[in-house]
Amino acid sequence: MNSCLIDNLSVEFKTDNGIIRAIDGVSFAIPKGKTVGLVGESGCGKSVTALSIMRLIKSPPGHYADGRIIYGDEDLLTLPESNMRHLRGNRISMIFQEPMTSLNPVFTVGNQIAESICLHQNVKRKEGLERAIHMLDLVGIPSSRERAKSYPHELSGGMRQRVMIAMALACDPDLLIADEPTTALDVTIQAQIMELMQKLQDEIGMSILLITHDLGVVAGTCSEVVVMYAGRVVEKADVHTIFNAPKHPYTVGLLNSMPGVKHKEKRLKTIPGLVPDLLHLPQGCRFQDRCDHVINKCRQIEPELTEQAPEHWARCYNPY
Amino acid sequence: MLSLNDLKMHFKSRHHIVKAVDGVSFDIAEGETLGLVGESGCGKSTLGRCILRLYEPTAGKIEFEGRDITHLKSRQLNPIRRRMQIIFQDPYASLNPRMSIDNIIKEALQIHGLFPNKKEREERVAELISLVGLRPEVLSRYPHEFSGGQRQRIGIARVLAIEPRFIVCDEPVSALDVSIQAQIVNLLQDLQEKLKLTYLFIAHDLMIVKHISTRIAVMYLGNLAEIGPSNQIYEDPKHPYTQALLSAVPVPDPGAKKQRIKLTGELPSPLNPPAGCKFHTRCPYVMPHCKTIVPPLIQLGKDRKVACHLYP
């Protein structure tokens with residue numbers, strides 16, 4: 001049972017130098033009640049994928065070139081904007097990376113949470129505020145009644161991120177999209193926030209799409225992993241398979257470039273080179289110039305995403 | 001190489017005093033890498049800048065290569081600054097966008113009056129840029145044309161231009177992607193070996209710090225909680241704060257069973273730090289006298305020190 005299915009999604013952006021296909025034929029499913037990790041480096045299309053699900057890609061310059069996003073039995077991409085507004089922040093919510101830029105500095109945090117509750121649940125302002133205070137309690141903010149009267153600048157980074165989570169969860173969504181929710185936070189606060197998200201997931205049974213570049217966080221929280229590179233899904237499988245038997249050389253490279261937990265190597269393994277420019281993609285596989293498993297065929301035709309083992313997909317001719 | 005003795009850095013505003021660094025002592029030996037870790041706001045960057053005398057310390061003593069530099073005037077500092085340098089966190093903000101890479105590196109040489117001969121200077125710049133793994137063709141380009149990892153390499157080339165012996169690396173890889181982080185960490189290690197450099201490596205990513213450091217110092221609200229050899233700190237952390245910090249590091253292994261030591265709450269405001277041991281508000285082992293008596297940093301074993309009432 002899937003909460004959401006992304007099917008062959010492509011998003012293009014018009015730039016001064018030409019059209020960029022930021023994501024190209026991306027397909028994956030978010031199973032109900034599970035956490036899917038979407039990993040990859042900056043510019044690989046993670047955030048564009050997330051914004052597409054919320055249908056927040058600004059047009060122009062962007063547009064949905066191809067594909068569907070199936071939620072329930074509807075395609076989100078063809079839904080009228082009024083229906084989409086009903087879903088957004090209600091059934092599907094999003095947590096952004098930088099809480100300071102996504103909270104409104106001139107309203108108290110209590111009011112900001114209450115706004116979304118009043119809008120979607122059709123309750124009076126006073127009750128909305130009560131529910132907002134309850135949400136602040138839920139995400140572990142001490143003396144929530146006073147804190148609800150605080151403005152965003154009066155709170156620390158960890159507190160602001162909790163407010164963002166409280167806001168995202170205020171209407172009991174069944175799909176939460178978390179775009180690097182802990183990247184800006186210290187490890188101790190990160191651990192608290194991740195634990196909180198998992199606890200709330202167990203309680204209300206929502207599905208989570210967790211976008212991150214931290215493989216440690218993925219290992220601790222996700223059940224499925226989707227790895228993206230230069231706008232393409234290059235590998236997807238369950239979390240144990242990704243960490244114990246990765247197939248795609250890029251996934252292997254990402255895992256190797258993390259300093260070991262137990263044994264200490266003198267040098268870190270690296271992935272040489274840089275991510276290709278989306279305007280000038282090479283012919284064939286997009287990872288060829290950085291790949292240590294490259295063969296002749298890689299330079300001619302781009303590999304398809306194929307099932308290399310049951311439920312283990314990779315886009316590679318010469319996998320590990 | 002470097003010796004700090006009870007260094008204090010207090011910032012005064014009209015109503016408050018922030019004790020960003022409040023009595024820190026340690027030594028760094030030549031050729032070693034001391035990792036400095038702690039949560040944001042604990043004073044680690046302030047300490048790094050104090051050492052370089054970018055701030056005038058409130059009290060205490062900084063000795064660099066055997067010389068007291070705590071209160072030197074800026075003219076006397078200039079020759080010393082040639083020997084100690086800093087690599088900043090944000091490679092986007094630390095390069096002048098209106099200068100070509102060539103001029104950015106040359107400026108460092110000119111300020112210190114090195115390589116006055118034009119041809120020699122150009123050779124030196126080309127040598128530096130290949131030392132950090134970039135091609136000399138990039139010299140005519142401008143900072144915006146480079147990726148984050150490349151800019152960090154350019155920043156490192158500029159720092160190396162004047163042949164420093166000691167470099168403060170203030171979160172040098174935090175803004176970079178995982179695969180690029182590894183490239184820069186390797187570069188820093190290669191350069192250390194080749195040029196016999198000494199590093200103070202400030203970071204909040206504990207796995208990177210563990211990888212690169214010979215010794216590690218853990219800071220909490222302006223004080224050292226613990227200091228010792230890297231492998232000992234990671235395998236057998238003594239201070240409850242170090243224990244909690246390490247147990248919060250996400251492990252890249254989905255099968256790992258985690259025993260997380262929960263820290264409740266957040267770093268208290270440095271405007272109004274708790275009395276006694278500053279960590280007592282979050283400590284799982286808090287005892288009554290922790291709330292009143294400040295624990296001194298005591299020797300524990302051959303080269304370890306810890307500031308906690310649980311020891312000895």
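Predicted model only: the values in this text are computed from it and were never measured. For every chain, the first residue of the written sequence is number 1, and numbering continues from 1 along that sequence. As they are written, the chains are lettered A onward and the ligands numbered 1 onward, keeping that order. Local features are withheld for residues below a pLDDT of 70 in this predicted model, meaning they are given only at 70 or higher, and side-chain atom pairs are given and counted only at 80 or more; totals for whole chains, interfaces and linings count all residues. Side-chain numbers come from the whole structure's heavy atoms, not from hydrogens or water.

Overview of the sheet that holds strand β3 (residues 35-39) of chain A
All names here are of chain A.
Consideration 1: At least two DSSP bridges between two strands are required for those strands to pair. Here a helix means four or more residues in a row that DSSP labels H or I, a strand means two or more in a row labelled E, and each is numbered from the N terminus. Reading across from one edge, β6-β7-β8-β3-β9-β10-β12-β11 is the order of the 8 strands in this open sheet, with mixed pairing throughout. The open sheet terminates on both sides in strands that have one partner only, identified here as β6 (92-95) and β11 (306-309). The average angle at which neighbouring strand axes cross in this sheet is 20°, direction not considered.
Consideration 2: Direction of pairing for strand β7 (residues 175-179) relative to strand β8 (residues 207-212): parallel, over a ladder of 5 bridges. If you follow Leu176 over to β8, its bridge partner there is Ile208.
Consideration 3: In what follows, residue pairs with any heavy atoms lying within 4.5 Å of each other are defined as contacts. Between the N-to-C directions of two axes lies an angle of 0 to 180 degrees, each axis being a line fitted to C-alpha atoms and, for a helix, fitted only over the stretch in contact. Along the sheet face, helix α7 (residues 157-169) touches β6 and β7 and points at about 175° away from the line of β6.
Consideration 4: Against the sheet, helix α11 (residues 249-256) engages β9 (224-229) and β10 (232-238), with an angle of about 105° to β9.

Looking at helix α5 (residues 148-160) of chain B
Residues and elements named next belong to chain B.
Consideration 1: What a helix should span is 1.5 Å times the count of its residues minus one. With 13 residues, α5 should cover 18 Å at 1.5 Å per step; its first-to-last C-alpha distance of 18 Å lies within 8% of that length.
Consideration 2: Among the 13 residues of α5, 12 are classified as buried, and the element is accordingly described as predominantly covered.
Consideration 3: Whether a residue is buried, partly exposed or exposed follows from its accessible area with a 1.4 Å probe, protein chains only, as a fraction of its type maximum: under 20%, in between, or over 50%, in that order. Residues of α5 that are buried include every one of Gly148, Gly149, Gln150, Arg151, Gln152, Arg153, Ile154, Gly155, Ile156, Ala157, Val159 and Leu160, and no others.
Consideration 4: On the buried face of α5, the contacting elements are β6 (84-87), α3 (101-111), α4 (118-131), β7 (166-170) and α6 (178-195).

Observations regarding the interface of chain B and chain A
Consideration 1: Contacts between chain B and chain A engage 39 residues on the former and 43 residues on the latter.
Consideration 2: Summed over both partners, the accessible area lost on bringing two parts together, with a 1.4 Å probe, is the buried area. Buried area between chain B and chain A, both sides added, is near 3400 Å², and the carbon and sulfur share of it is 54%.
Consideration 3: Any Lys or Arg side-chain nitrogen located within 4 Å of an Asp or Glu carboxyl oxygen qualifies as a salt bridge. Taken together, the connections running from chain B to chain A amount to 1 salt bridge.
Consideration 4: Among the ionic pairs, Arg267 of chain A bridges to Asp190 of chain B, the shortest N-O distance being 2.6 Å.
Consideration 5: Any pair of nitrogen or oxygen atoms within 3.5 Å is treated as a polar contact; in protein, a donor-acceptor pairing is required on top of that, and neighbouring residues in sequence qualify only through side-chain atoms on both sides. In this structure, the connection of chain B to chain A is made through 9 residue pairs in polar contact (both at pLDDT 80 or more).
Consideration 6: For the side of chain B that touches chain A, the secondary structure elements donating two or more residues are α6 and α7 (206-212) of chain B.

What about the domain arrangement of chain B?
Residues and elements named next belong to chain B.
Consideration 1: An automatic or database domain assignment supplies the start and end points of every domain. By the assigned domains, chain B splits into domain 1 (2-83 + 164-306) and domain 2 (95-163).
Consideration 2: Taking only C-alpha atoms, the centre of domain 1 and the centre of domain 2 are 30 Å apart.
Consideration 3: Each side of the interface is counted separately: domain 1 has 17 residues, and domain 2 has 13 residues.
Consideration 4: When domain 1 packs against domain 2, close to 1300 Å² is buried across both sides, 71% of that on carbon and sulfur atoms.

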